[in-house]
Amino acid sequence: MRIKENKKYEFISIEHIGIVRDGKEDTTSDAVKLWAGALENYTLRDNNGSTEIMVEMDSNEEYAEMFESMWPKALQVLKEIAEKK
């Protein structure tokens, strides 16, 4: 992954460029070519004193169900980390 764009406290875009499998970086396999260039975009906005985060992600249909189950869990963990005092 690499940071494609970063506007501090507003927006971050992460570009997928490969995977790490068994400790080795892979940026050329057929599996990676399916993902190469895919973006994860995070937009943060103030919502009456709270922070609202919107997530947009490129994905093919094959992985849609997996991400639909993963994102709520990941966002809950992010919320818990952000709210620790």
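Values in this document were obtained by computation on a predicted structure and should not be read as measured data.

Novice: What exactly am I supposed to notice about the overall build of the protein here?
Specialist: Scanning the protein from terminus to terminus reveals two helices and six strands. Ordered by position in the sequence, the α and β elements of the protein form the string β-β-β-β-α-β-β-α. For the protein, the C-alpha radius of gyration of 15 Å lies well beyond 12 Å, the compact-globule estimate for 85 residues. A principal-axis box enclosing the C-alpha atoms of the protein has dimensions of 45 × 25 × 25 Å. Across the 85 residues that make up the protein, the buried fraction comes to 18%. By sequence separation, contacts in the protein at least 24 residues apart represent 31% of the contacts at least 6 residues apart. Approximately 7000 Å² of the protein is accessible, and the part contributed by carbon and sulfur atoms is 51%. Averaged over its 12 positive side-chain charges, the protein has a centre that lies 6 Å from the centre of its 18 negative ones.

Novice: Just to check I follow, could you spell out the packing of aromatic side chains for this structure?
Specialist: What describes a pair of aromatic rings is the distance from one ring centre to the other and the angle between the planes of the rings. Under the counting rule described, the total for this entry stands at one aromatic pair. Centroid distance Y42 to W71: 5.9 Å. Interplanar angle 65°. Geometry classified as edge-to-face. Note that Y42 is positioned in strand β5 (residues 39–47) and W71 in helix α2 (residues 61–83), a separation of 29 residues in sequence.

Novice: What should I look at first to understand the pairing of strand β2 (residues 11–15) in this one?
Specialist: Two faces belong to every sheet, and in a regular strand the side chains alternate between them. Taken across its five residues, β2 has four buried, putting it largely inside the fold. With antiparallel pairing between neighbouring strands as the criterion, strand β1 (residues 2–7) and β2 make up a hairpin whose turn holds three residues, including Y9 at a positive phi of roughly 65°. Judged from the five bridges that link them, β2 and β5 form a sheet pairing that is antiparallel. When the sheet's bridge partners are listed, I12 is paired in β5 with Y42.

Rules used throughout
- Residues numbered from 1 in each chain as written.
- Predicted model: local features only at pLDDT ≥ 70, side-chain atom pairs only at ≥ 80, totals over all residues.
- Heavy atoms only, no water.
- Helix = DSSP H or I, 4+ residues; strand = E, 2+ residues; numbered from the N terminus.
- Rg over C-alpha atoms; globule rule 2.2 N^0.38 Å.
- Buried < 20%, exposed > 50% of the residue type's maximum accessible area, 1.4 Å probe, protein only.
- Contact = heavy atoms within 4.5 Å.
- Areas by Shrake-Rupley, 256 points an atom, 1.4 Å probe, with all protein chains shown as cover.
- Lys, Arg positive; Asp, Glu negative; His and termini not counted.
- Charge placed at Lys NZ, Arg CZ, Asp CG, Glu CD.
- Phe/Tyr/Trp six-rings, centres within 6.5 Å; stacked < 30°, edge-to-face > 60°.
- Pairing = 2+ DSSP bridges.

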